[in-house]
Amino acid sequence: MTLKLLLTCAAVTAAIPATAQTTNSPAATNGLEIAKKMIAFRSVRGPGNQTPQLAAYLKSVLVGGGFAASDVTVTPVDDTAYLIATWQGTDAALKPIVISGHIDVVEAKPADWQRDPFTAVVENGYLYGRGATDMKLDAALAIATLLDMKKAGYKPKRGIVLALSGDEETVMKTSSLIADRLKTAEMALNIDGGGGLYGEDGKAEYFTVGAAEKTYADFQLETTSAGGHSSAPRKVNAINQLAAALVRIGDYRFTPQLSPITKGYFEGVAPRQTPEIGAAMRAFAANPKNQKAIETLAANPGYVGQIGTTCVTSMISGGHALNALPQRATANINCRIFPGVKPATVMAELAKVAADPGVKFSDVTEGSNPTDASPLRADLMGAVKTAMAKIRPGVPIFPSMSAGASDSMWYRSVGVPSYGVSPTFIKQSDDFSHGLNERTPIDNIPLAITYYRSLLTDLTK
């Protein structure tokens, strides 16, 4: 999950416009209660996976809130399941809007946490538990918003489809199946992406709409030799041969790239950075061949992934005995590829850099699908700006590219533009997604309800 809100209650309250501070509204209360119950399900891949039971619970909530039982389906897949709920629009000729999210979570070991990760706890203004940030709370708030809109008698002209996958954090099999079923949708609103940034002083700095993701890829490098007794070294050594290739790859930098999305991101973020970083961002946005800007951004772990494709050695294995020459050595190169670039092109470039025909390359990627960026649609951006102005007026908004992967990848692969639009904010130093003691302040809830209602209304009225 990218850019989620985790900050002190005082900072949150200070950032909330008075008109949005309705913490005791029925929708906000309902959203919190749904989230607490969702956290209690251990929806983790493997033995004891309770994602199917969680999906069944959410179906009961949706049906209880006004959805027809026939319009909410739970589909089992292996040890998990996914949910699709359809709110029919009044104009059947219009393609529906998809609200995309997931209900599975990353594993959490209770012994490592200060609180049981699968027991929701509200304490000191925070909701604690696995999924409080990534992303059971967001899913609960979207559901609460839909139910509140139904209760108020809203009738969307364009249909709304809630699609919650069940293995986004692992193999994404359900993600792919959902996207294939919904490939005729108008667009997907991914509430597991996008988001805002808080400064360390607790003030909202900016909000981004996720419009692109880098492609994940794993390439295996393998060297082999006849081996032999370690007392009789030979010129060709599989480990040494592989190591030399890895050093050359490690020293290599792919040609930096710039897209309309990253250009908008750098131009928007630059004024809020240190003078050196800000100047580098502006210079790179103006000229992606500016070497000084490249060196500055490449040296920053937070921004090196924004200026092009990156590849790193992530695993290595070699040899079969302490007293023998190695017969085989392998390594994994993990790449995050700039949108629009094919993995095969990157692997070929790596092979050229390795400069050794004895190093065998193979693509061993699983669960990834190369996609281009989504277009920055005026209707989507306009609706986001309107919604954000109701909860955080004056906060700058611009597009962003994620270095990670989400369900958006699968929608884009079937031609459905997808956008990360989660309304929550986070400080860089206060993100516990996938980590210990995950938490999100409950004061964030009313803002999200207001935002989701505005966004969905604008895009479906």
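Calculation criteria
- Residues numbered from 1 in each chain as written.
- Predicted model: local features only at pLDDT ≥ 70, side-chain atom pairs only at ≥ 80, totals over all residues.
- Heavy atoms only, no water.
- Pairing = 2+ DSSP bridges.
- Helix = DSSP H or I, 4+ residues; strand = E, 2+ residues; numbered from the N terminus.
- Axes fitted to C-alpha atoms, helices over the stretch in contact; angles between N-to-C directions.
- Contact = heavy atoms within 4.5 Å.
- pLDDT = per-residue confidence, 0-100.
- Buried < 20%, exposed > 50% of the residue type's maximum accessible area, 1.4 Å probe, protein only.
- Disulfide = S-S within 2.5 Å.
- Core = buried A, V, L, I, M, F, W, Y, C linked by side-chain atoms within 4.5 Å.
- Phe/Tyr/Trp six-rings, centres within 6.5 Å; stacked < 30°, edge-to-face > 60°.
- Lys NZ or Arg CZ within 6 Å of the ring centre and 35° of its normal.
- Parallel < 35°, antiparallel > 145°, perpendicular 65-115°, else oblique.
- Left-handed = near helix turned anticlockwise from the far one by under 90°.
- Nonpolar A, V, L, I, M, F, W, Y, C, P; charged D, E, K, R; others polar.
- Polar contact = N/O pair within 3.5 Å; in protein donor to acceptor, adjacent residues only side chain to side chain.

J.: Teacher, can you tell me more about the sheet that holds strand β4 (residues 121-123) here?
T.: What holds strands together in a sheet is hydrogen bonding between their backbones, with the strands either parallel or antiparallel. Spatially, the three strands line up as an open sheet ordered β4-β5-β19, and their pairing is antiparallel. Every other strand in the sheet has two partners, leaving β4 and β19 (439-441) as the edge strands with one partner each. This sheet shows a mean twist of 25° between the axes of neighbouring strands, independent of strand direction. Both β4 and strand β5 (residues 126-128) contribute to a ladder of three bridges, which runs antiparallel. Looking across to β5, one finds that Glu123 is bridged to Tyr126. Along the sheet, helix α2 (residues 26-39) makes contact with β4 and β5, crossing β5 at roughly 25°.

J.: I would appreciate a short explanation of the confidence of the model for the protein chain in the present structure.
T.: Caution applies to low-pLDDT parts of the model: their predicted coordinates are not meant to be read in detail. With 95% of its residues at a pLDDT of 70 or more, the protein chain shows a mean pLDDT of 92. Taken as a whole, residues 1-22 scores under 50 in pLDDT and shows 79 contacts with residues more than four places along the chain or in a different chain.

J.: Whenever I open this one, unusual backbone geometry confuses me. Can you help?
T.: A negative phi holds for most residues other than glycine; trans holds for most peptide bonds. Cis geometry marks the peptide bond from Asp134 to Met135; its omega dihedral reads -15°. Summarising the element assignment, Met135 is placed in the loop between β5 and α4 (136-151). With a phi close to 55°, Asn124 is a non-glycine residue in the positive phi region. Relative to the elements of secondary structure, Asn124 occurs in the loop between β4 and β5. When its relative accessible area of 63% is taken as the criterion, Asn124 is described as exposed.

J.: Is there a simple way to think about the state of the cysteines in this case?
T.: This model, assessed by the stated rule, comprises one disulfide. The disulfide bridge from Cys311 ends at Cys335, spanning 2.1 Å between sulfur atoms. Its torsion about the S-S bond being 115°, the disulfide of Cys311 and Cys335 is classed as right-handed. Highlighted residues: Cys311 in strand β12 (residues 310-318) and Cys335 in strand β14 (residues 328-337), separated in sequence by 24 residues.

J.: Any chance you could explain the pairing of strand β16 (residues 397-402) here in plain terms?
T.: A regular strand places its side chains on the two faces of the sheet in alternate fashion. The buried fraction of β16 is high, at six of six residues. Where strand β9 (residues 204-213) and β16 come together, six bridges link them in parallel fashion. By the bridge assignment, Gly210 is partnered in β16 with Ser400.

J.: How should the nonpolar core be read in this particular structure?
T.: Nonpolar side chains in soluble globular proteins generally cluster together in the buried interior. Formed by 93 residues in total, the largest nonpolar core has its most connected members in Leu58, Leu350 and Tyr451. Among the elements that take part in this core, α4 stands out by supplying 10 residues, more than any other. Contacts of Tyr451, omitting those with residues within four sequence positions, involve Phe207, Val384, Ala387, Met388, Ile391, Val421 and Pro423. Membership of the second largest hydrophobic core comes to 17 residues, among which are Ala270, Ala285, Leu297 and Ile307.

J.: Is there a simple way to think about the packing of aromatic side chains in this case?
T.: The relation between two aromatic rings is expressed through the spacing of the ring centres and the mutual angle of the planes. Throughout the structure, instances matching the rule amount to 12 aromatic pairs. Note on Tyr451 and Tyr452: the rings are 5.6 Å apart at their centroids and 70° apart in plane angle, and the pair reads as edge-to-face. For Tyr452, a relative accessible area of 3% puts it in the buried group. The positively charged end of Arg439 is found above the aromatic ring belonging to Tyr126, 4.4 Å away from the centroid.

J.: Help me understand the packing of α2 against helix α13 (residues 445-460) in this model?
T.: For the pair α2 and α13, interaxial distance at closest approach is 9 Å and the crossing angle is 110°. Taken as axis vectors, α2 and α13 run roughly perpendicular relative to one another. Pair α2 / α13 crosses with right-handed handedness. Side by side, α2 and α13 meet where Ala27, Ala28 and Leu32 of the first sit next to Ile445, Ile449 and Arg453 of the second. Looking at the contact of α2 with α13, its residues break down into five nonpolar, no polar and one charged.

J.: Sorry if this is basic, but what is going on with the sheet that holds β12 here?
T.: Strand order across the open sheet formed by four strands is β12-β14-β10-β15, with antiparallel pairing between neighbours. In the strand order of this sheet, the two ends are held by β12 and β15 (360-363), each with one partner. Taking the axes of each pair of neighbouring strands and ignoring which way they run, one obtains an average angle of 25° across the sheet. Where strand β10 (residues 215-224) lies against β14, 10 bridges are found, and the strand directions are antiparallel. Counterpart to Glu222 in the pairing with β14 is Thr330. Across the sheet, helix α6 (residues 238-250) is in contact with β10, β12, β14 and β15; its angle to β14 comes to roughly 15°. Against the sheet, helix α10 (residues 343-354) touches β10, β12, β14 and β15, its axis set at about 165° to β15.

J.: Please clarify how the side chain of Ser374 should be interpreted in this entry.
T.: Among the structural elements, Ser374 can be located in the loop between β15 and α11 (378-391). Polar contacts involving the side chain of Ser374 include one to the side chain of Arg412, which spans 2.7 Å. Excluding residues within four positions of it along the chain, Ser374 makes contact with Ala211, Ile261, Arg412, Pro417, Ser418 and Tyr419.

J.: Hey, could you run me through the environment of Leu137 in this one?
T.: Its location among the elements puts Leu137 in helix α4. According to the relative accessible area criterion, Leu137 is buried, its value standing at 4%. Each residue touching Leu137, except ones within four places of it in the same chain, is listed here: Ala35, Leu127, Gly131, Ala132, Thr440 and Ile445.

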